[in-house]
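Observations on chain architecture
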Amino acid sequence: MKHILFVLLILLLGCGQGSEQTARVKTPEEVSLGFFKAIYVDRDVEQAKQYVDDSMKQVLAHYYLASAVQRHVLNLAMTEVTMEIEEIDIDFFRKFTKDVTVIVKMFGKKGGDKWIDDRTVRLHKINREWIIVEILPEKGNIN
């Protein structure tokens, strides 16, 4: 009887710890796409705040509306947006990297015309989680 209780106790404790350890951490690509999807597709600034650091949260809160964030923070107002990762500046040893840049290519409409553009974000790894800390100035666009 003691052995059965011991085995059950180990199984119960093991299950509880396993669920915490298997919580999946988002990659820099997922964080970047999640942020832009929140702003351009879902048009939800509150949702976008989960992907950025505190200083950027204040900026997003100031503009409040996704359309204002598109115009004033990202300098790119678009509709009907789809996106993909264009490039990520990260090496093979990803787990040792603390700072990366990700370029997100966006396809959609700007002023009713088809438009392709990209935006670059810098992410830092803080406590195992990737957080956007900066939106880098754009170098140019493609249309």
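Preceding this section is the structure that the text describes.
Residues numbered from 1 in each chain as written. Predicted model: local features only at pLDDT ≥ 70, side-chain atom pairs only at ≥ 80, totals over all residues. Heavy atoms only, no water.

Remarks on the environment of L33
Of note, L33 is situated in helix α2 (residues 28-41). The partly exposed category is assigned to L33, whose relative accessible area is 26%. For the pair L33 and I85, spaced 52 residues apart in sequence, the C-alpha separation works out to 7.6 Å. Sequence-distant contacts of L33, defined by excluding residues within four places in its chain, comprise M83, E84, I85 and V104. (Helix = DSSP H or I, 4+ residues; strand = E, 2+ residues; numbered from the N terminus. Buried < 20%, exposed > 50% of the residue type's maximum accessible area, 1.4 Å probe, protein only. Contact = heavy atoms within 4.5 Å.)

Observations concerning α2
The end-to-end C-alpha separation of α2 is 19 Å, in line with the 20 Å expected for 14 residues at 1.5 Å each. Burial runs high along α2: ten of the 14 residues are buried. Within α2, the full set of buried residues consists of P28, E29, V31, S32, G34, F35, F36, A38, I39 and Y40. Once α2 ends, the next one or two residues include R43, with phi positive near 55°. (Expected span 1.5 Å × (residues − 1).)

Quick look at the pattern of salt bridges
Scanning the model with the defined rule gives eight salt bridges in all. Among the salt bridges present, the one from R24 reaches E30, with a minimum N-O distance of 2.5 Å. In this structure, K49 engages E46 in a salt bridge whose closest nitrogen and oxygen atoms are separated by 2.9 Å. Classification of K49 as buried rests on a relative accessible area of 16%. Overall, E46 belongs to the exposed group, its relative accessible area being 54%. (Salt bridge = Lys/Arg side-chain N within 4 Å of Asp/Glu carboxyl O.)

Everything listed is a geometric property; what it means functionally is a separate question.
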